[in-house]
Amino acid sequence: MNRRKFLGVTASGLGLLTLSSFSAFAARDSNTAPVQFAIPTSTGINGHIVVLGGGMAGATVAKYLRLWGGTGVQVTLVEKSAAYTSNILSNTVLTGQRTLANLAYNYDTLQNHYGVKLINKEVAAIDAASIQFADGTTLGGYDRLVIAPGVEFDLMPGMTNLDEYDTLIPHAWKAGPQTTLLRDQLINMTDGTDVVITIPKAPYRCPPGPYERACVIADWLKANKPNSRVIVLDANADILVEKDNFSYAFTVTHAGVIDYRPGCTITDVDSATRVVTYNQGLSLDNVVEAGVLNPIPPQRAPKLLADAGLLNSPDGRFAAVDVLSYESTAIPGIHILGDASSTTMPKAGHIGNQQAKTCVDAILRMLQGQLPDPSPVTNSACFTPITASTATWLAAVYQYDPGTKKMVIPTQHNNGTAISAPTASTRNYQDMLTWFNTLMGDTFA
């Protein structure tokens, strides 16, 4: 796939954006606000939808329920935080190219322009009929509940408290204070000591993310800590995505700086000393000491969903859903999107935006007594920085397969596999910034 076709796929996949509008958006500078669409007044659809979680999937659901459903569809967004901080591009905060403030998106436009009601409260319990808040109040009387809560993180072997991530060995897999802590640790590390990154077995949020992080940190080390390396301990047997591009990055672009070790099982993590013990094949009890330890832990849907009986995937860690509507297969009337759901699609921001639109379309049909669209299509797009000025990309189109009842990449699309950029380039890096601004505008503006 060439660059023009890729831009067309990513643009059309955002929903309302055509290739021409994508190009027009790309021509604007970062200080120009994206287009805000008018809310229709006479769709004939009525209902009240509550959306729990204001990230990429939840914010998109809230916006498009109003945009496609009109004034008769009332939307309440429940989100404990005042703003969303993008995980996408948060690795560039580690290298000083961006700040967390550059990645923060509030809900003002959703409220003031699209008429979404925002409740900033922490949720204690959920079911199909009501939400119980931590302050003792409840919210009920809605027609559908949409949940897009992201993921929670497990302890690594040897750890005793989740606070160790906040104070000693940040995973920074949710952009925020841990991102700042990891950045500070990199700045203050002794030149000649190593950065150790651990990668969990799939599935986890953003499959390219750990390899991307290794690359951007390695690039930063060359200029700032030239005697240090990045050691990557991957629980998976091999690089999961963009194998050719990341193999080239590890062995050529960042040769001698990245030490990639696949098939590693972590057996102990000492947070205080930053020592990791691991097995690799028949090689047991290997020990590596880090100047900066960045363990990316195994991930799962939040406990809130487990307590509600929604985690019914085969491994019990995520929520199984009907991908025609993203309705839970455990409890009717609840839709679960994004990282917390169990699907064949990657756990990433762009696909959360895509799933949200399929869910919105299905809910609006259901409110009219109709069945969901029987053949939805989504696309997944992801750009990956390799250095401070170059990037690659990965794209795939998914279609519903009625035989398996899953979203699959059809065989006519690159023989059923995702397509990646042939090489990292500076043009890809510029396209990445355009893609990011377009995606965030489509979600929050």
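Residues take numbers from 1 onward in each chain, read along the sequence in its written order. Reporting in this predicted model follows two pLDDT cut-offs: at least 70 for local features of residues, and 80 or more for side-chain atom pairs to be given and counted; totals over whole chains, interfaces and linings ignore these cut-offs and use all residues. Only hydrogens and water are removed before side-chain values are computed, so all heavy atoms of the structure are retained for them.

Participant: Sorry if this is basic, but what is going on with the sheet that holds strand β6 (residues 123-126) here?
Facilitator: Sheets are built from strands paired through backbone hydrogen bonds, the pairs being either parallel or antiparallel. Being paired, for any two strands, means DSSP has found at least two bridges between them. The helix and strand labels rest on DSSP assignments: H or I over at least four residues marks a helix, E over at least two residues marks a strand, and numbering proceeds from the N terminus. Strand order in the open sheet made by the three strands is β6-β7-β8, with antiparallel pairing throughout. At either end of the open sheet lies a strand with only one pairing partner, and these are β6 and β8 (138-140). Here the strands of the sheet are splayed against their neighbours by 20 degrees on average, with no regard to which way each runs. Taken together, the three bridges between strand β7 (residues 130-133) and β8 define a ladder with antiparallel strand orientation. Bridge pairing in β8 links S130 to G140. Lines are fitted to the C-alpha atoms to define the axes, a helix being fitted only along its stretch in contact, and any angle between axes, read from their N-to-C directions, falls within 0 to 180 degrees.

Participant: I tried to follow the pattern of salt bridges on my own but got confused; where do I start?
Facilitator: Note on pairing: side chains with opposite charge can pair once their charged atoms come close. Every case where a carboxyl oxygen of Asp or Glu lies within 4 Å of a side-chain nitrogen of Lys or Arg is listed as a salt bridge. Taken as a whole, this structure holds 14 salt bridges when the rule is applied. Across the pair D238 and K243 runs a salt bridge, and its minimum N-O distance is 2.6 Å. With a 1.4 Å probe rolled over the protein chains alone, any residue whose accessible area is under 20% of its type maximum counts as buried; one over 50% counts as exposed, and the rest are partly exposed. Judged by relative accessible area, D238 falls into the partly exposed class, the value being 29%. Taking the relative accessible area as the measure of exposure, K243 reaches 43% and is therefore partly exposed. Between D431 and R427 there is a salt bridge, with its nearest N and O atoms 3.7 Å apart. In this pair, D431 and R427 both sit in helix α12 (residues 426-444), four residues apart, roughly one turn of the helix. The partly exposed category is assigned to R427, whose relative accessible area is 46%.

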